[in-house]
Amino acid sequence: MLKILDTKQIKTLDQFTIEKEPIASIDLMERACRAFVNWFTPRIDATKKIGIVCGTGNNGGDGLGIARLLKDWGYPVTVYIVKGTGSETEDFKVNHERIQGELKIIEISNEVELALFEEFDILIDALFGSGLSRPVEGVYAKVIAAVNNAEALTISVDVPSGLMADKPSTGEIVKADFTITFQFPKLAFLLPENYKYTGEWSVVDIGLSKQGLRESATNNFYITQKAVRRILKPRSKFSHKGTFGHALLIAGSYGKMGACVLSSRATLRAGVGLLTVHIPKCGYQIIQTAVPEAMALVDDSEEIFTRPGDLSKYNVIGIGPGLGKEEPTIKAFAKVLEQFRKPLVIDADALNILSSQRELLHLIPENSILTPHPKEFERLVGEWKNDFERLEKQKQLAASLKSIIIVKGANSSVATPEGQIYFNSSGNPGMATGGTGDVLTGVLTSLVAQSYNSVEAAIIGVYLHGLSADLVAQERGMSGLIASDVVDFLPLAYKKLLRA
Ligand SMILES: NC(=O)C1=CN([C@@H]2O[C@H](COP(=O)(O)OP(=O)(O)OC[C@H]3O[C@@H](n4cnc5c(N)ncnc54)[C@H](OP(=O)(O)O)[C@@H]3O)[C@@H](O)[C@H]2O)[C@@H](O)CC1
Ligand SMILES: [K+]
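Residues numbered from 1 in each chain as written. Chains lettered and ligands numbered in written order. Predicted model: local features only at pLDDT ≥ 70, side-chain atom pairs only at ≥ 80, totals over all residues. Heavy atoms only, no water.

## Points about the sheet that holds strand β16 (residues 404–407)
No. 1: Taken together, the 11 strands give an open sheet; going across it, the order is β1-β9-β18-β17-β16-β15-β14-β13-β10-β11-β12, and neighbouring strands pair in mixed fashion. Each end of this open sheet is capped by a strand with a single partner; those strands are β1 (2–3) and β12 (295–298).
No. 2: On the sheet, helix α9 (residues 257–269) packs against β10 (246–250) and β11 (274–279) and is oriented at approximately 170° with respect to β11. (Pairing = 2+ DSSP bridges. Helix = DSSP H or I, 4+ residues; strand = E, 2+ residues; numbered from the N terminus. Contact = heavy atoms within 4.5 Å. Axes fitted to C-alpha atoms, helices over the stretch in contact; angles between N-to-C directions.)

Here's what the structure looks like:
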């Protein structure tokens, strides 16, 4: 897992590295500049006209160092230094000194034309980084407006200027195409509302102290493939279908059997030992034909779920996809909640039932997994002012239900009852299509059946689901991706994950 540290912790770790390694602060800055340039040079042609917009703090110091290195690479570089209310840091001064007479430097202190940066192909934004402490105004705001007005491809150093790394932001903010951030993703980057500022972001290593990093405590993590690989259990030669559990899926109703088929196939592809699917009569032929590996348990009703059978033999129940919200279904869901004391995976219509029948919430067994998309989450917890508040609500719900809450989306977030948040790193925009949520329900149900604890199942589940979609995109592109493809590629995703 990659730890996500807040700006105060990053500063402390910065100092710790300087003292412990030891390394001079200016040399650490040089390392950051090189890391940026290593990302930059293979991607950007050396004929491109480059403008570098610097503040006077250490982010600006980085900008000046980057300017010097890019000039050495042969790029035509112009440096802008914005002189507003901020004072100059020591490392800024050193890097300023190093480019005197070597590079074209333009100072900006008051008037800024909106068309200021029109001549450039590339703008590098080094105005503010993690030291931003309040919304930008005055000359800084005007410069940011000019950056955003320019046609150039904009690349931010560490953080898009004007964006608070771990708090809600207001005021003028750079809208970058790419953000190259040092050592850790910043919390703000993982929230959907900030994508328009960060663009695609990448983390580059600047060698901050590993010991210091181990000692930094955080509740926020970014899921890495290595971490997922570490919690996956390989299948042994002596395993049999009983080893991998028996899951029950309660899903589908008249006209919505597709959701049930997708969840069922995903449960099987994610490795469950045995799967029983509870379906209304109208779904019998469909499920037996589409998913011959599953056993069918047929409801008394022709069209909907009205009565749970004997639940005692299952390790886990996945419930919700295509279920509908008819009165008898609500009652039957309440019975499931009353009778079953092992974890449930709760999705889609089952979540909507919980939003309207709030008295059912306290019946949810501990360590269940709820998988709302943002709209379903809003129905559960009410509106939020910004994504930071949404995260707080997510943590609160996880704690109060003693369950895992996964809010789906780009960088799906997994909240645990203990207050941790794990952000997913796999997946792509092709997944924004009907049925991918049903697939996730199946994957999670399958993993819980295979006796992963619910937090592990949630982490592996979101990652595996996204990875599978990434493999689809790699082979066939994103545009025509459908949920069935994500199911079909699950075995390959596993294979990739289990590779030593
Ligand atoms: N460990 C690492 O990761 C490494 C980090 N490095 C780099 O250092 C960067 C952080 O540098 P930094 O701390 O000097 O802050 P930076 O963002 O340049 O801001 C400058 C100053 O502006 C001020 N200020 C704040 N808000 C303002 C506003 N709205 N309007 C006007 N002024 C405002 C504020 O001072 P204040 O006024 O609050 O006293 C602040 O001190 C980091 O992003 C990375 O690029 C690497 O070099 C090496 C390793
Ligand atoms: K910046």
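The discussion continues.
## Quick notes on the pairing of strand β2 (residues 50–54)
No. 1: Judged by how many residues are buried, β2 sits mostly within the fold: five of five residues are covered.
No. 2: What you see with β2 is no split at all: I50, I52 and C54 on one side and G51 and V53 on the other are buried throughout.
No. 3: Examined bridge by bridge, β2 and strand β3 (residues 77–82) share five bridges and lie parallel to one another. Bridge pairing links G51 to T78 in β3.
No. 4: Read as a crossover between parallel neighbours, the route from β2 over helix α3 (residues 58–72) to β3 is right-handed.
No. 5: Strand direction decides the pairing type here: β2 and strand β5 (residues 122–126), joined by five bridges, are parallel. Note on β5: the bridge partner recorded for V53 is D125. (Buried < 20%, exposed > 50% of the residue type's maximum accessible area, 1.4 Å probe, protein only. Right-handed = clockwise from strand over helix to strand, strands pointing away.)

## Description of the domain arrangement of the chain
No. 1: Here the chain is partitioned into domain 1 (2–218) and domain 2 (225–498).
No. 2: Between the C-alpha centres of domain 1 and domain 2 there is a distance of 40 Å.
No. 3: With 12 residues of domain 1 at the contact, the number on the domain 2 side is seven residues.
No. 4: Roughly 870 Å² is buried in total at the junction of domain 1 and domain 2, and carbon and sulfur atoms are behind 70% of that figure.
No. 5: It is L190, L191 and E193 that lose the most area in domain 1 upon contact with domain 2, and together they represent 52% of the buried surface on that side.
No. 6: Scanning the region where domain 1 abuts domain 2 turns up zero salt bridges.
No. 7: At the boundary of domain 1 and domain 2, one finds one residue pair in polar contact (both at pLDDT 80 or more).
No. 8: Looking at the side of domain 1 that touches domain 2, its residues break down into eight nonpolar, one polar and three charged. (Domains from an automatic or database assignment. Buried area = accessible area lost by both parts, 1.4 Å probe. Salt bridge = Lys/Arg side-chain N within 4 Å of Asp/Glu carboxyl O. Polar contact = N/O pair within 3.5 Å; in protein donor to acceptor, adjacent residues only side chain to side chain. Nonpolar A, V, L, I, M, F, W, Y, C, P; charged D, E, K, R; others polar.)

## A word on the environment of A150
No. 1: Following the sequence through the fold, A150 ends up in the loop between α5 (138–149) and β6 (153–157).
No. 2: Each C-alpha atom, one on A150 and one on L116, is 8.0 Å from the other, the two residues being 34 residues apart in sequence.

## So, a negative patch on the surface
No. 1: A contiguous patch of negative charge on the surface is contributed by E302, E303, E326 and E327.
No. 2: Topologically, E303 is positioned in the loop between β12 and β13 (316–319). (Patch = residues over 30% accessible without salt bridge, like charges linked within 9 Å, V, L, I, M, F, W, Y side chains within 5 Å. Areas by Shrake-Rupley, 256 points an atom, 1.4 Å probe, with all protein chains shown as cover. Lys, Arg positive; Asp, Glu negative; His and termini not counted. Charge placed at Lys NZ, Arg CZ, Asp CG, Glu CD.)

## A closer look at the environment of A146
No. 1: Among the structural elements, A146 can be located in helix α5.
No. 2: The exposure class assigned to A146 is buried, which follows from its relative accessible area of 0%.
No. 3: Distance in space between the C-alpha atoms of A146 and E118 is 8.8 Å, their sequence separation being 28 residues.
No. 4: Among all residues touching A146, those that are not within four sequence positions of it are V112, E113, L114, L116 and F117.

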